[in-house]
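# Residue-level structural notes
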Amino acid sequence: MAELWSIYLWPGAIIVAKIVAILVPLLLAVAYLTLAERKVIAAMQLRKGPNVVGWFGLLQPVADGLKLFVKETVIPTGANKVVFVLAPMVTFVLALVAWAVIPFDEGMVLADINVGVLYLFAISSMGVYGVIMAGWASNSKYAFLGALRSAAQMVSYEISMGFVIVTVLLCVGSLNLTKVVMAQQNVWFAVPLLPMFVIFFVSTLAETNRSPFDLPEAEAELVSGYNVEYSSMTFALFFLGEYANMILMSALTTILFLGGWLAPFGFAPFTWVPGPIWFAAKISFVLFLFLWVRATFPRYRYDQLMRLGWKVFLPLSLLWVVVTAIALVAFGWVPQ
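So, a few notes on the structure that sits alongside this text. This one's a predicted model, so the numbers in the text were calculated from it and none came from an experiment.

## Some points on the overall build of the protein
- Helices and strands together make up the secondary structure of the protein, namely 11 helices and zero strands.
- The C-alpha atoms of the protein give a radius of gyration of 21 Å, which matches the 20 Å a tight globule of 336 residues would have.
- When each of the 336 residues of the protein is scored for burial, the buried share is 47%.
- Contacts spanning at least 24 positions in sequence make up 77% of the contacts within the protein whose residues lie at least 6 apart.
- Total accessible area on the protein stands at roughly 16900 Å², and carbon and sulfur atoms take up 73% of it.
- Across the protein, the 18 positively charged side chains and the 16 negatively charged ones have centroids separated by 8 Å.

## Some details on the layout of surface pockets
- Its boundaries defined by the atoms lining it, the second largest pocket holds a volume of some 560 Å³.
- For the second largest pocket, the lining is made up of 26 residues, of which Pro-25, Trp-99, Phe-104, Ala-280 and Ile-283 are closest to its centre.
- Breaking the lining of the second largest pocket down by element, the ones donating at least two residues are α1 (2-44) and α10 (275-296).
- Along the lines of polarity and charge, the residues of the lining of the second largest pocket split into 23 nonpolar, two polar and one charged.

## What to know about empty space enclosed by the protein
- Counting across every chain of the model gives one cavity of 30 Å³ or more.
- Empty space within the largest cavity amounts to approximately 430 Å³.
- For the lining of the largest cavity, the secondary-structure elements that each account for two or more residues are α3 (81-97), α4 (116-137), α5 (141-172) and α9 (232-257).

## So, unusual backbone geometry
- Cis geometry marks the peptide bond from Ser-211 to Pro-212, where omega comes out at 10°.
- Its location among the elements puts Pro-212 in the loop between α7 (194-207) and α8 (219-222).
- The backbone of Phe-56 sits at a positive phi, close to 55°, despite the residue not being glycine.
- Structurally, the position occupied by Phe-56 is in the loop between α1 and α2 (60-70).
- Since its relative accessible area comes to 51%, Phe-56 is described here as exposed.

## Observations regarding a nonpolar patch on the surface
- A surface patch of nonpolar side chains, amounting to about 980 Å² of accessible area, comprises Val-16, Val-20, Val-24, Leu-28, Tyr-32, Trp-55, Phe-56, Leu-58, Leu-59 and Val-62.
- Broken down by element, the residue count for the nonpolar patch peaks at five residues, all from α1.
- Examined against the element boundaries, Val-62 turns out to sit in helix α2.

## Side note on the nonpolar core
- Among the nonpolar cores identified, the biggest contains 67 residues, and Trp-99, Ile-102 and Phe-257 are the most heavily contacted of them.
- If one sorts the elements of this core by residue count, α9 sits on top with 12 residues.
- If sequence neighbours within four positions are ignored, Trp-99 has contacts with Ile-22, Leu-26, Phe-104, Ala-244, Ile-247, Leu-248 and Ala-251.
- Ala-79, Val-83, Ala-87 and Ala-151 belong to the second-largest nonpolar core, a separate cluster that totals 15 residues.

## Considerations on the packing of aromatic side chains
- For the structure shown, the criterion picks out 15 aromatic pairs.
- Taking the centre distance of 6.1 Å and the plane angle of 85° together, the rings of Tyr-157 and Phe-313 count as edge-to-face. Separated by 156 residues along the polypeptide, Tyr-157 in helix α5 and Phe-313 in helix α11 (residues 302-330) bring together distant segments of the chain. The same class applies to Tyr-157 as to Phe-313, namely buried.
- Measuring from centroid to centroid gives 5.5 Å for Phe-197 and Phe-257, while their planes differ by 50°, and the two rings are tilted. On the criterion of sequence distance, the pair formed by Phe-197 in helix α7 and Phe-257 in helix α9 is long-range, its members being 60 residues apart.
- Since its relative accessible area comes to 15%, Phe-197 is described here as buried.

## As for the packing of α4 against α5
- Where α4 meets α5, the closest approach of the two axes is 8 Å, and the angle between their N-to-C directions is 170°. In this view, α4 runs roughly antiparallel relative to α5, as classed from their interaxial angle. Contact with α4, carried on its side by Val-117, Phe-121, Ser-124, Ser-125, Gly-127, Val-128, Val-131, Ile-132, Gly-135 and Trp-136, involves Ala-143, Phe-144, Ala-147, Leu-148, Ser-150, Ala-151, Met-154, Val-155, Glu-158, Gly-162, Ile-165 and Leu-169 of α5 and no other residues of that element.
- Tallied by class, the residues present in the contact of α4 with α5 amount to 15 nonpolar, six polar and one charged.

## Some words on the pattern of salt bridges
- On inspection of all chains with the given rule, the structure shows seven salt bridges.
- In this structure, Asp-303 and Arg-301 form a salt bridge, with 2.9 Å as the shortest nitrogen-oxygen distance.
- By relative accessible area, Arg-301 is classed as partly exposed at 48%.
- Here the salt bridges do not stand alone but share partners, grouping Glu-37, Arg-210, Glu-242 and Arg-294 into one network.

Cut-offs applied
Per chain, residue numbering runs from 1 following the sequence as it is written. Residue-level local features of this predicted model are given only where pLDDT is at least 70; pairs of side-chain atoms are given and counted only at 80 or more, and the full residue set underlies all totals for whole chains, interfaces and linings. Derived side-chain values reflect all non-hydrogen atoms in the structure, with water molecules and hydrogen atoms excluded from consideration. A run of H or I in DSSP becomes a helix once it reaches four residues, and a run of E becomes a strand once it reaches two; helices and strands are each numbered from the N terminus. Only the C-alpha atoms count toward the radius of gyration. The rule for a globule is 2.2 Å times the residue count to the power 0.38. Residue burial is assigned from relative accessible area. The probe radius is 1.4 Å, only protein chains are included, and a residue is buried under 20% of its type maximum, exposed over 50%, and partly exposed in between. Contacts were defined at the residue level, with two residues in contact if any of their heavy atoms lie within 4.5 Å. Residue burial considers only the protein chains on display, and all accessible areas are found by Shrake-Rupley using a 1.4 Å probe. Neither His nor the chain ends is counted toward charge; the positive residues are Lys and Arg and the negative residues Asp and Glu. For the purpose of locating charges, the reference atoms are NZ of Lys, CZ of Arg, CG of Asp and CD of Glu. A pocket here means an open set of points on a 1 Å grid, computed over the protein atoms alone, that has protein on both sides within 12 Å along at least five of seven lines. A cavity is instead a set of points where a 1.4 Å probe fits but cannot get out; residues with an atom within 4 Å of a point line either one. Grid points are joined across faces, edges and corners, and a volume is the space filled by probe spheres set on the points. Polarity classes work like this: nonpolar for Ala, Val, Leu, Ile, Met, Phe, Trp, Tyr, Cys and Pro, charged for Asp, Glu, Lys and Arg, and polar for all others, with Gly in that last group. Patch membership is restricted to residues that have no salt bridge and whose relative accessible area is over 30%. Joining uses 9 Å for like charges and 5 Å for the nonpolar side chains Val, Leu, Ile, Met, Phe, Trp and Tyr. A carboxyl oxygen of Asp or Glu within 4 Å of a side-chain nitrogen of Lys or Arg is what we treat as a salt bridge. What we call a nonpolar core is a set of buried Ala, Val, Leu, Ile, Met, Phe, Trp, Tyr and Cys residues that are connected through their side-chain atoms within 4.5 Å. Think of it this way: a Phe, Tyr or Trp ring, Trp meaning its six-membered ring, pairs with another when their centres are within 6.5 Å, and the plane angle makes it stacked under 30 degrees, edge-to-face over 60, tilted otherwise. All axes are obtained by fitting lines to C-alpha atoms, using only the stretch in contact for helices, and the reported angles, taken between N-to-C directions, cover 0 to 180 degrees. Any angle that is under 35 degrees is reported as roughly parallel, and any over 145 degrees as roughly antiparallel; angles of 65 to 115 degrees are reported as roughly perpendicular and all others as oblique.

Okay, structure coming up:
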C-alpha cells in the first residue's frame, strides 16, 4: 500500500493540489473583477458604484452569484437542449484549462512544456466553438447572428495576434513561456516591439468581445448576442468565461511584453518583491486598461471592426515579422 501511495497516489495528489491552488484564486479574481469593473467605471463617470452589499460593496459579487445560482434555468422550447447546456460549459472550461502552461514564477507552473505557445493557440481557437454552439442551439435568429459576428471577429483578430506572437518568438527562439519571460531580463519586449504590443492589446480586446469591440452583444440590434436565451447559471458560466478570458489575455500580455514575474528593468530596490506579486500587479495593470477602454471609447461599427483587423493590423503585424527577422539576422541577434 505504501508503494502504491508513493508511485501513483502521491504525485496525483500533488497535481490536484496545484490545480486547486491555481483555480481558487482565479475564480475569486474573476468574481471580484466584476466588482472592480463597476467601481472603476463608476469613478470615471463620477458615480459611487456598488456600495450597499457589504463593506464598500465587497460582498456584491457574492450576492450576484447567489442570485444567479438560485434562479430557474429556462431552456427555450425549440432549442437543442444538450448543445444549449454544453455551450457555456465549453466556454468556461476552455478559459480555465489554458492556465496549465502559464508560469507565475521561475519553476512555478503546472505544465512547463516546450510548446506552451502552441497549446494556448489551440485553446484560444477552440473558444469559437462555445459561441457557435450557443448561437445555433438557442434556435433564435438574434442569438445566431450574434454568434456569427463573434466567431468572425475572434477568427479575424486571432491572425494578427498570431503574427505578433511569432515576432516575440523570433526574438526568443523558443515556444516555452518561461524562456519568453527570462529573455526579457535586460529589457521588456514592450519597448523594442512597442507597435506589436499595441496591436496585441487591441486584438485581445476584440478577442474577448470587450468594448469598443463588443459587437456580438450590441443591445440596439441584437439584444444581447449569442447568449440572449440564457439565464441563471448557464448565463453565469458565459459571464465568468468572459472575465476569465480577460485575465488570461492580460497574463499572456504580461508574459510576452511586460517581463512576466520579473521586477521592472531589474532595479535592485524592486527585486525583493516576490515574482508572483509582480506578475499579479502587471496583470492588474493590463486589466485596468481593459476597464479604462470600456469607460472611454464608443463602440465600433462592424465594418470598421473588420477593416481594422484585416486592412490595418494584419499587414502591419506581417510587415513587423519580416522587419524583425531581417534585423535579427543582419545584426547577429538570432537566438541560439
